[in-house]
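Coordinate analysis (summary)
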Amino acid sequence: MNKQKIAIITDSGTNVPAAFAKHYDVKILPLQITYHDESFLSGVDITSEEVVKRLETEIPTTSLPAPHSIKEVLESCKKEGYEKAVIVTISSGLSATFQTCQLIAEQIEDFPCAVVDTKSIGVAAGLTVMNAALMADADTTPFEELPARLEALAENTLVLFAVKTLELLHKGGRITESQFRLGSILNIKPIFECDQNGRYNTVKKVRGWEKTVTTMQHLIAEKAKEFADVVVGYCAGEKTAPMKQWGSELKKLVPHCKGLIMSGVTPDLLVHTGPSLIGFCVQPLTPEMQVYLDQHKGIVDAFSA
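Being a predicted model, the structure only gives us computed values, none of them experimental.

The end-to-end C-alpha distance of helix α9 (residues 209-224), which contains 16 residues, comes to 23 Å, matching closely the 22 Å that a straight helix rising 1.5 Å per residue would cover. Residues of α9 that are buried include every one of Trp209, Thr212, Val213, Thr215, Met216, Gln217, Ile220, Ala221, Lys223 and Ala224, and no others.

Below is the structure:
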């Protein structure tokens, strides 16, 4: 437990590395994955591999963590001795998790709780969660100042992602019919970002998969120029993805990158994208993250955790 006794809570859509979450006692609220005859808690009783396998026969739906589960976690934190909490969620533009957590947090008496909207998703949102835990652990930022600091960090974070096939994004209502048809017929791969409202927006359209990956890396490098030092995160739905190769390429493109966070993809995110998902993100480096990365020699590999 950190010195300020601040519980750090997030949802499974933020893709926080499991080993990090365990070490810093980050509480994970699992999103729900529902098939026609049964439901699962993402990452609890269904894995990413199981979701991918079942996509061949059925595409499930996802929904936010159950309200009673959110309340149970907050009450549990209070019983454990935490005196306040910060909940960091995936984008309110993509999920009602943020709004629901706000409503539930107000019901817990004598337990101050701040809810932070990353307006992002996946590994990019995960970086903000990691910073929340590191700031609380280092006791560098009072509870009252944590939300504003985390929101400013999230605002300066860029996340990009692409998929080889657009079918799942289309069926899940994440892209339009015209985007789906254009991409499928002409082999054009849209590169998506989370815009200022936390909704998906097409940044660029690229023909061919290899060029798409390279383009995302260069866009990340361009954003990184806005900051003195940065941390870069990236994820892939397939464990066979050339993660170390991408890391070497990113270090060359972003010489002031002080750390790399490599991650897989949680089951709830794969429902909407499939295993071909690749994402990159960049975030300004905080002093707390610098200390953490120094301890890990600048690389955090969630695949090997």
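In this structure, Ile8, Phe20, Val86 and Tyr292 are the most contacted members of the largest nonpolar core, which totals 53 residues. Element by element, the count of residues in this core is highest for helix α5 (residues 122-138), at 10 residues. The residues touching Tyr292, leaving out its near neighbours within four places in the chain, are Phe20, Tyr24, Met130, Leu134 and Val300. Among the nonpolar cores identified, the runner-up in size contains 27 residues, and Leu158, Tyr234, Trp246 and Val254 belong to it.

Counting across every chain of the model gives 0 disulfides. Lacking any disulfide linkage, Cys235 is separated from the closest cysteine sulfur, that of Cys281, by 7.8 Å. We classify Cys235 as buried; its relative accessible area is 7%. Overall, Cys281 belongs to the buried group, its relative accessible area being 0%.

Helix-helix packing is described using two parameters, namely the angle between the two axes and the distance between the axes. Where α9 meets helix α10 (residues 243-253), the closest approach of the two axes is 9 Å, and the angle between their N-to-C directions is 40°. Judged by the twist between their axes, the crossing of α9 over α10 is right-handed. For the pair formed by α9 and α10, the contact residues are Val213, Gln217, His218 and Ala221 on the first element and Trp246, Glu249, Leu250 and Leu253 on the second.

Turning our attention to the pattern of salt bridges. Close approach of charged atoms allows side chains of opposite charge to pair. Counted according to the given criterion, the structure contains 9 salt bridges. In this structure, Asp25 and Lys27 form a salt bridge, with 3.1 Å as the shortest nitrogen-oxygen distance. A residue is classified by how much of its surface remains accessible, and Lys27, at 16% relative accessible area, is buried. Measuring nitrogen to oxygen at the nearest pair gives 2.9 Å for the salt bridge that ties Arg149 to Glu288. Taken together, the positions of Arg149 in helix α6 (residues 146-155) and Glu288 in helix α12 (residues 287-295) put the pair 139 residues apart, joining distant regions of the chain. The buried category is assigned to Glu288, whose relative accessible area is 8%.

What follows is about the pairing of strand β8 (residues 158-162). Strand residues, when the strand is regular, have side chains that alternate between the two faces of the sheet. Of all 5 residues making up β8, 5 are buried, and the element is well covered by its neighbours. Two strands pair when backbone bridges link them, and β8 and strand β13 (residues 278-284) are joined in this way by 5 bridges, in the antiparallel orientation. Counterpart to Leu158 in the pairing with β13 is Val282. Pairing of β8 with strand β9 (residues 188-194), which is carried by 2 bridges, proceeds in the antiparallel orientation. Counted as the bridge partner of Phe161 is Phe192 from β9.

What counts as what
- Residues numbered from 1 in each chain as written.
- Predicted model: local features only at pLDDT ≥ 70, side-chain atom pairs only at ≥ 80, totals over all residues.
- Heavy atoms only, no water.
- Helix = DSSP H or I, 4+ residues; strand = E, 2+ residues; numbered from the N terminus.
- Expected span 1.5 Å × (residues − 1).
- Buried < 20%, exposed > 50% of the residue type's maximum accessible area, 1.4 Å probe, protein only.
- Core = buried A, V, L, I, M, F, W, Y, C linked by side-chain atoms within 4.5 Å.
- Contact = heavy atoms within 4.5 Å.
- Disulfide = S-S within 2.5 Å.
- Axes fitted to C-alpha atoms, helices over the stretch in contact; angles between N-to-C directions.
- Left-handed = near helix turned anticlockwise from the far one by under 90°.
- Salt bridge = Lys/Arg side-chain N within 4 Å of Asp/Glu carboxyl O.
- Pairing = 2+ DSSP bridges.

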